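Structure assessment
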Amino acid sequence: MRSLGPLESRKRFKYQSGQPLHEERIPDNLFLDESGRPDPRSPGLFFALGGVAMAESEVASYKSRADALKLRFFGRDDITFHEPDIRTHRDWFSLGGDADRQQAFCSALDELVAGTELALFAVAIRKDEFAEFVALDDDPYLPA
């Protein structure tokens with residue numbers, strides 16, 4: 001099928017080779033995680049896949065600032081920011097049941113994210129269609 005819109009030459013891009021390593025471009029990192037359960041027998045019709053893309057230099061900056069935040073609130077930096085635990089104030093994120101510290105932590109976390117240069121991606125995946133796709137088992141690029 002013919003697409004809509006103007007057709008443009010790929011030569012309009014300033015890069016010459018198409019290979020980021022040859023052109024010494026700074027790589028981006030893409031971090032992915034799912035939310036919900038892909039099993040069609042689990043509740044709901046969809047599950048979500050979310051992603052965060054950041055330049056290599058921004059990853060180092062984010063990690064440093066995130067570790068400082070963890071040290072400030074928890075006294076250690078080996079804690080993983082896991083949304084369900086943060087939202088429900090479970091485990092480390094209960095902060096001893098202190099509502100003011102919980103609010104201060106959430107505000108600091110919002111500032112950390114707002115101060116980070118990133119691109120966000122999200123997609124809703126229909127569980128029934130996903131199950132059919134997985135059952136086909138004919139994509140050599142996906143794990144068994």
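This report concerns the structure included in the present document. (Residues numbered from 1 in each chain as written. Predicted model: local features only at pLDDT ≥ 70, side-chain atom pairs only at ≥ 80, totals over all residues. Heavy atoms only, no water.)

**Things to note about unusual backbone geometry**
Applied cut-off: Elements are defined by DSSP. Helices are runs of H or I of four residues or more, strands are runs of E of two residues or more, and each kind is numbered from the N terminus. Categorising residues by exposure relies on relative accessible area from a 1.4 Å probe, with only protein chains included: less than 20% of the type maximum marks a residue as buried, more than 50% marks it as exposed, and the intermediate range marks it as partly exposed.
Despite not being glycine, Asp 91 has its phi angle at roughly 55°, a positive value. With respect to the helices and strands, the residue Asp 91 is situated in the loop between α2 (83-88) and α3 (99-114). With a phi angle near 50°, Leu 95 is a residue other than glycine that sits in the positive phi range. Residue position: Leu 95 is located in the loop between α2 and α3. With relative accessibility at 10%, the residue Leu 95 sits in the buried group.

**Digging into the side chain of Thr 116**
Note the threshold: Polar contact is the term for a pair of N or O atoms within 3.5 Å; when the atoms are in protein, one must be able to donate a hydrogen and the other to accept it, and sequence-neighboring residues count only if both atoms are side-chain atoms. Residues are treated as being in contact if the distance between any of their heavy atoms lies within 4.5 Å.
Mapping Thr 116 onto the fold places it in the loop between α3 and β3 (119-126). Within the local environment of Thr 116, its side chain forms a polar contact with the side chain of Arg 65, the two groups lying 3.1 Å apart. What Thr 116 contacts, discounting residues up to four positions off in sequence, is Met 54, Glu 58, Tyr 62 and Arg 65.

**Focus: the packing of aromatic side chains**
Which entries qualify depends on this criterion: Put simply, two rings from Phe, Tyr or Trp (the six-membered ring, in Trp's case) pair if the centres are within 6.5 Å, and we call them stacked under 30 degrees between planes, edge-to-face over 60, tilted for the rest.
By the definition in use, this model includes seven aromatic pairs. A centroid spacing of 6.3 Å and a plane angle of 75° characterise the contact between Phe 74 and Trp 92, whose relative ring orientation is edge-to-face. Taken as a pair, Phe 74 in helix α1 (residues 56-74) and Trp 92 in the loop between α2 and α3 lie far apart in primary sequence, 18 residues in all. You can call Phe 74 buried: its relative accessible area is 11%. Here the aromatic rings of Phe 74 and Phe 93 are separated by 5.5 Å at their centres, their planes lie at 90°, and the arrangement is edge-to-face. One end of the pair, Phe 74, is in helix α1; the other, Phe 93, is in the loop between α2 and α3, and 19 residues separate them in sequence. The pair Phe 74 / Phe 93 is uniform in exposure class, with both members buried. Taken together, Phe 73, Phe 74, Phe 81, Trp 92, Phe 93 and Phe 105 form an aromatic cluster joined through their ring pairs.

**Focus on the environment of Pro 38**
Looking at the element boundaries, Pro 38 is found in the loop between β1 (28-35) and β2 (46-55). C-alpha separation for the pair Pro 38 and Phe 130, spaced 92 residues apart in sequence, amounts to 7.6 Å. The residues contacting Pro 38, other than those within four sequence positions of it, are Phe 47, Lys 127 and Phe 130.

**Some points on the sheet that holds β1**
The criterion, for reference: Two strands qualify as a pair provided DSSP detects at least 2 bridges between them. Only the contacting stretch of a helix is used when fitting its axis, a line to C-alpha atoms as for every element, and angles between N-to-C directions run 0 to 180 degrees.
Spatial strand order, β1-β2-β3: three strands in an open sheet with antiparallel pairing. Each edge of the open sheet is held by one strand with a lone partner, namely β1 and β3. The mean angle between the axes of side-by-side strands here comes to 20°, regardless of whether they run parallel or antiparallel. As paired strands, β2 and β3 are joined by eight bridges and run antiparallel to one another. Opposite Phe 46, over in β3, you have Arg 126 as the bridge partner. With respect to the sheet, α1 is in contact with β1 and β2, its orientation differing from that of β2 by roughly 100°. In the packing of helix α4 (residues 127-136) onto the sheet, the strands contacted are β2 and β3, and the crossing angle to β3 comes to about 85°.

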